[in-house]
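Given next are the chains, with one letter for each unit.
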Amino acid sequence: MWDYISTRLDAIGFSAWQHLSLVVQCLVLAVVIAVVIAALVYRSPALTSVANSVSAIGLTIPAFALVGLMIAPFGFGVTPAVVVVTFFAVLPVLRNAIVGLGGVDPALVESARGIGMGRLRTFLRVELPMAWPVILGGIRVSAQMIMGIAAVAAYVLGPGMGGFIFSGLSRLGGAGATESIVVGVVGVVLLALVLDLLLVGLGRLTTPRGIRV
Amino acid sequence: MSDTTTTIEQPSAEVSGRPIRLDDVTKRYPGQTKPAVDGITLEIPAGKVVMFVGPSGCGKTTTLKMINRLIEPTNGRIVLGDEDVTQIDGDELRRRIGYVIQAGGLFPHMTVATNIGLVPKMLGWSKERIAARVDELLELVSLDPDTYRDRYPRELSGGQQQRVGVARALAADPPVLLMDEPFGAVDPITRQRLQDELIRIQEEVQKTMVIVTHDFDEAVKLGDWIVVFEEGARIVQYDTPERILAEPANEFVENFIGSGAGLKQLTLRRVRDVDVADAVVVKPGTTGKDALQQAENAGHGHVVVVDDRERPLQWLSRRQLSRIDVIDARLDPALPVVSGAATLNDALDTMLVTSVGAALVTGRRERFEGVIDVETVMEAIRDARANAANSEGAPVGMNSGSIGLTPSLIAAGEAAQAAHAGDEAATATATDDARADHTERGAAG
Ligand SMILES: Nc1ncnc2c1ncn2[C@@H]1O[C@H](COP(=O)(O)OP(=O)(O)OP(=O)(O)O)[C@@H](O)[C@H]1O
Ligand SMILES: [Mg+2]
């Protein structure tokens, strides 16, 4: 086992980095998309329930199937991986963003409008910061989830730790197959832990003292 | 305004407020047949405090929020100073009008300083200017800048939050301040302190203030003028607190005032506004016999002993004097003293605990000025009632097609209508509805 790792340290490190980078970039993209969608729908009860249903149903789609489906339009490579990972990343963030924005005290919004803050300014300066801790909760859930999904994305030759898992699986029983799978799985779990710690740190930095619990 | 109107003294400070005029303003919420605000025409004089009172759901909040166009009027005009602001950009308008809601409406994720600096920042002030202004405002609302500047709202008491809310509203020095039940969420003692504080701040800043309240006593205490509304924001009476107490326009207002209108009037007048009685004054060292002689000559039952700076020390009856050799310079700790700035209510309170039913009045530097007794207070109440009958200079307040206003208001209203006759056509629908509404009500009653 140690032999396996020590001889491939470079490759493992590179894959880990690729994996993390894919997840983080997709996550950032997903947060932007989710917040924009939430901002558009949270005032309307009808649109809110549509968005919530979509995110609930979306989460039931098997990642592997979706990855397979993406081959037809996007071929193999990074693009289908990004699309699938981002799609799943959006769902928990969207749900929490809607809850968070909907939970902002209407008196604060009235107060903001009353002192002459425009709609956009009210959203960016008051509603979004107030909803941020809840949104961040969604981001953490998302991050854990897409770590695994990003590994599945290696099936379409996307970057990351998934490569070790698939190559191990394809030659099961052969030399180093088990080691390969273990490296892939443990690597993903470790990365997930690291990212979660980073997100907790981000939460500390971005949540003002006045609303920290 | 009658000369008994002394609700808020206005010493040196300059009036920085501007008048507001609502001109036949109507608000009809979608899906409702009756308008929430029915063709109101209301003049709010510059630098005065106007209180909106009325039963729940009568349209006070709606009327208030149409002034800064948080709620857009269905029709009518809003005039600030001499500028028609009905069509200008709402956000820009609201930066020029202070707005305070219950519990202050502070943003919990921003420090006190950031909260207060929001409007100046939007107006593009420099950092230094904002910081200086924040400190100045914290001083104004009696919060130490060094202690409170960097706190978050949750690190403040309810009363302190409310003060910061007022400071934030005043940040860019707006001519007008709107408050919707500003003290509704604090306990009665804090509320009283905040009210006193607001009176003091108003003496300093002289803004035009419109305050919605549920509490008639608060309206009497804070208001230069009170508007009593009934459903549909129909003005039942728009008058000084004195006159509303002395001459409620109808039973509705009477019920609204509640019991004890006479007692409420006492909070409106200050001891220095009434005539105090003379007294025989002696210095310590006078013999009891001399003092007694002086009291008898003047036909008084008591003498007041004052120190060399004329501050009262003792108040001695003839009987006490007859037992004293030489009057000493002792200060009687139970001496009933009220300052000229105290309300007649306070004075009455003080004199009821003394056996003589009177109190000593002191002026500047606690100098003795005279004696106030229960009869003087009664006289003041009678006076207030008589004086209140004269309502000259009342601002305009009416609804289109309204009936049942006090005559002076109707006269004033007619004048205003004549002045804006040109606008009549545009609001004819609202007027007709209002009439129909009234007929209905009349028939029902
Ligand atoms: N956004 C709204 N949509 C529809 N109707 C409304 C809306 N806001 C207020 N109303 C109605 O308009 C009327 C006046 O409401 P408003 O809030 O001005 O009353 P208020 O005098 O401030 O009452 P309160 O003393 O209870 O605060 C009420 O009948 C209310 O139901
Ligand atoms: Mg209200």
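Looking at an unreviewed UniProt entry, one finds chain B named ABC-type quaternary amine transporter and attributed to Schumannella soli.

Under an unreviewed UniProt entry, chain A has the name ABC transporter permease subunit and belongs to Schumannella soli. In its Sequence similarities (unreviewed entry) section, UniProt records this for chain A: "Belongs to the binding-protein-dependent transport system permease family."

Enquirer: Sorry if this is basic, but what is going on with the overall build of chain B here?
Expert: Within chain B, the regular secondary structure consists of 17 helices and 17 strands. For chain B, buried positions account for 53% of its 445 residues. When contacts within chain B are restricted to residue pairs at least 6 apart in sequence, those whose partners lie at least 24 apart make up 66%. Surface exposure of chain B reaches about 19,500 Å², of which carbon and sulfur atoms provide 48%.

Enquirer: In this structure, what is going on with the layout of surface pockets? I would like to understand it.
Expert: Take a probe with the size of a water molecule and roll it over the atoms, and the empty space left behind shows itself. Residues and elements named next belong to chain B. In this structure, the largest pocket encloses a volume near 560 Å³. For the lining of the largest pocket, the secondary-structure elements that each account for two or more residues are α7 (188–205), α8 (216–222), α11 (261–266) and α14 (344–352). No other element matches α7, which puts 6 residues into the lining of the largest pocket. Its residues placed into classes, the lining of the largest pocket shows 7 nonpolar, 6 polar and 9 charged. When residues of the lining of the largest pocket are assigned to domains, at least three map to each of domain 1 (20–258) and domain 2 (272–389).

Enquirer: Help me out: how do you make sense of the nonpolar core in this one?
Expert: The nonpolar side chains of a soluble globular protein tend to be buried, and buried together. The biggest cluster of nonpolar side chains holds 118 residues, and the ones touching the most others in it are I139 of chain A together with F107, I116 and I226 of chain B. If near-sequence neighbours (up to four positions away) are discounted, I116 of chain B is found in contact with V134, L137, L138, V164, A167, R168 and A171 of chain B. I44, V210, W225 and Y238 of chain B belong to the second-largest nonpolar core, a separate cluster that totals 32 residues.

Enquirer: Looking at this structure, how should I read the packing of aromatic side chains?
Expert: What describes a pair of aromatic rings is the distance from one ring centre to the other and the angle between the planes of the rings. Counted by the stated rule, this structure contains 6 aromatic pairs over all chains. Each ring, one from W225 of chain B and one from Y238 of chain B, has its centre 6.1 Å from the other, and the planes form 70 degrees; the classification is edge-to-face. Within this pair, whereas W225 of chain B is found in strand β9 (residues 225–230), its partner Y238 of chain B is found in strand β10 (residues 234–239), the two being separated by 13 residues in sequence. With relative accessibility at 3%, the residue W225 of chain B sits in the buried group. Residue class for Y238 of chain B comes out buried when judged on its relative accessible area of 0%. Ring pairs connect the aromatic residues F216, F252 and F256 of chain B, which therefore count as one cluster. Against the face of Y4 of chain A rests R8 of chain A, its NZ or CZ located 4.0 Å from the ring centre. For the cation-ring pair, R129 of chain B lies above W125 of chain B, with the distance from its terminal atom to the ring centre recorded as 3.6 Å.

Enquirer: Mind showing me how you'd approach the pairing of strand β16 (residues 368–373) of chain B here?
Expert: Walk down a regular strand and you will see the side chains alternate between the two sheet faces. Here 5 bridges tie strand β15 (residues 358–362) of chain B to β16 of chain B, and the two strands are oriented antiparallel to one another. In the strand pairing of β16 of chain B, A359 of chain B is matched with I372 of chain B.

Enquirer: Where do I start with a positive patch on the surface in this structure?
Expert: Together, R121 and R125 of chain A together with K121 and K127 of chain B give the surface a local cluster of positive charge. Mapped onto the fold, K121 of chain B is located in helix α3 (residues 112–122).

Enquirer: Quick question: what am I supposed to make of the site of ligand 1 here?
Expert: Residues and elements named next belong to chain B. Looking at ligand 1, the residues that line it are Y29, Q32, A36, S56, G57, C58, G59, K60, T61, T62, E181 and H214. Y29 is positioned such that a nitrogen or oxygen atom in its side chain is 3.2 Å from a nitrogen atom of ligand 1. Here S56 contributes a side-chain N or O atom positioned 2.5 Å from an oxygen atom of ligand 1. Its free accessible area being 630 Å², ligand 1 has 61% of it covered by the protein chains. Considered class by class, the residues forming the shell around ligand 1 number 3 nonpolar, 7 polar and 2 charged.

Enquirer: Just to check I follow, could you spell out a nonpolar patch on the surface for this structure?
Expert: The grouping of M1, V182, V185, V186, V189, L190 and L193 of chain A at the surface amounts to a nonpolar patch, some 580 Å² of accessible area in total. Looking at where L190 of chain A falls in the secondary structure, it is placed in helix α9 (residues 177–206).

Enquirer: Looking at this structure, how should I read the UniProt feature "transmembrane region" (unreviewed entry) in chain A?
Expert: Residue and element names in this part refer to chain A. Taken from the UniProt record, the annotation "transmembrane region" (unreviewed entry) applies to residues 20–42, 54–76, 82–109 and 177–202. In the segment residues 20–42, helix accounts for 96% and strand for 0%; the C-alpha atoms at its two ends are 31 Å apart. Here residues 177–202 runs as 100% helix and 0% strand, with 37 Å between its end C-alpha atoms.

Enquirer: In this structure, what is going on with the domain arrangement of chain B? I would like to understand it.
Expert: Often, the extent of an interface is quoted as the loss of accessible area upon association of its parts. By the assigned domains, chain B splits into domain 1 (20–258) and domain 2 (272–389). In this structure, domain 1 of chain B and domain 2 of chain B have C-alpha centres spaced 42 Å apart.

Enquirer: Which parts of the structure should I look at to understand the packing of helix α5 (residues 78–102) of chain A against helix α7 (residues 119–152) of chain A?
Expert: Between two packed helices, the angle of one axis relative to the other and the distance separating the axes together describe the packing. Interhelical geometry of α5 of chain A versus α7 of chain A gives an angle of 145 degrees and a closest axis separation of 7 Å. For the crossing formed where α5 of chain A meets α7 of chain A, the hand is right-handed.

Enquirer: Sorry if this is basic, but what is going on with unusual backbone geometry here?
Expert: Trans peptide bonds make up the majority, and among non-glycine residues the majority have a negative phi. Residue and element names in this part refer to chain B. In this model, A103 sits at a positive phi of 65 degrees, which is unusual for a non-glycine residue. As for its position among the elements, A103 is in the loop between β6 (97–100) and α3. Accessibility expressed as a relative area gives 36% for A103, which makes it partly exposed. The backbone of Q206 sits at a positive phi, close to 55 degrees, despite the residue not being glycine.

Enquirer: Teacher, can you tell me more about the environment of P159 of chain A here?
Expert: Residue and element names in this part refer to chain A. Position of P159 among the secondary structure elements: in the loop between α7 and α8 (162–170). Each C-alpha atom, one on P159 and one on A16, is 9.2 Å from the other, the two residues being 143 residues apart in sequence. With sequence-adjacent residues up to four places away left out, P159 is seen in contact with Q18, L22, V78 and A150.

Enquirer: Please explain the interface of chain B and chain A as it appears in this structure.
Expert: Contact residues are listed per partner, giving 26 residues for chain B and 21 residues for chain A. Inspection of the region where chain B meets chain A yields 3 salt bridges. Residue D91 of chain B pairs with R113 of chain A through a salt bridge whose shortest N-O separation is 3.5 Å. Linking chain B to chain A there are 10 residue pairs in polar contact (both at pLDDT 80 or more). Every element with two or more residues in the side of chain B that touches chain A is listed here: α2 (90–95), β6 and α3 of chain B. No other element matches the 5 residues that α3 of chain B contributes to the side of chain B that touches chain A.

Enquirer: Sorry, what's going on with the UniProt feature "domain: ABC transporter" (unreviewed entry) in chain B here?
Expert: In the numbering used here, UniProt assigns the "domain: ABC transporter" (unreviewed entry) feature to residues 20–257 of chain B. Its end C-alpha atoms 26 Å apart, residues 20–257 of chain B is made of 39% helix and 23% strand.

Enquirer: What is the right way to read the pattern of salt bridges from this model?
Expert: When the charged atoms of two side chains with opposite charge come close together, those side chains can pair. Across all of its chains, the model carries 27 salt bridges over all chains by this definition. Taken together, the shared-partner salt bridges in this structure form one network comprising R21, D23, R77 and D84 of chain B.

About the criteria used
- Residues numbered from 1 in each chain as written.
- Chains lettered and ligands numbered in written order.
- Predicted model: local features only at pLDDT ≥ 70, side-chain atom pairs only at ≥ 80, totals over all residues.
- Heavy atoms only, no water.
- UniProt positions renumbered as here; feature names shortened; annotations may be inferred.
- Helix = DSSP H or I, 4+ residues; strand = E, 2+ residues; numbered from the N terminus.
- Buried < 20%, exposed > 50% of the residue type's maximum accessible area, 1.4 Å probe, protein only.
- Contact = heavy atoms within 4.5 Å.
- Areas by Shrake-Rupley, 256 points an atom, 1.4 Å probe, with all protein chains shown as cover.
- 1 Å grid on protein atoms, 1.4 Å probe; cavity = no way out; pocket = protein on both sides within 12 Å on 5 of 7 lines; lining within 4 Å.
- Points joined across faces, edges and corners; volume = space filled by probe spheres on them.
- Nonpolar A, V, L, I, M, F, W, Y, C, P; charged D, E, K, R; others polar.
- Domains from an automatic or database assignment.
- Core = buried A, V, L, I, M, F, W, Y, C linked by side-chain atoms within 4.5 Å.
- Phe/Tyr/Trp six-rings, centres within 6.5 Å; stacked < 30°, edge-to-face > 60°.
- Lys NZ or Arg CZ within 6 Å of the ring centre and 35° of its normal.
- Pairing = 2+ DSSP bridges.
- Patch = residues over 30% accessible without salt bridge, like charges linked within 9 Å, V, L, I, M, F, W, Y side chains within 5 Å.
- Salt bridge = Lys/Arg side-chain N within 4 Å of Asp/Glu carboxyl O.
- Lys, Arg positive; Asp, Glu negative; His and termini not counted.
- Charge placed at Lys NZ, Arg CZ, Asp CG, Glu CD.
- Near = heavy atom within 4 Å.
- Polar contact = N/O pair within 3.5 Å; in protein donor to acceptor, adjacent residues only side chain to side chain.
- Axes fitted to C-alpha atoms, helices over the stretch in contact; angles between N-to-C directions.
- Left-handed = near helix turned anticlockwise from the far one by under 90°.

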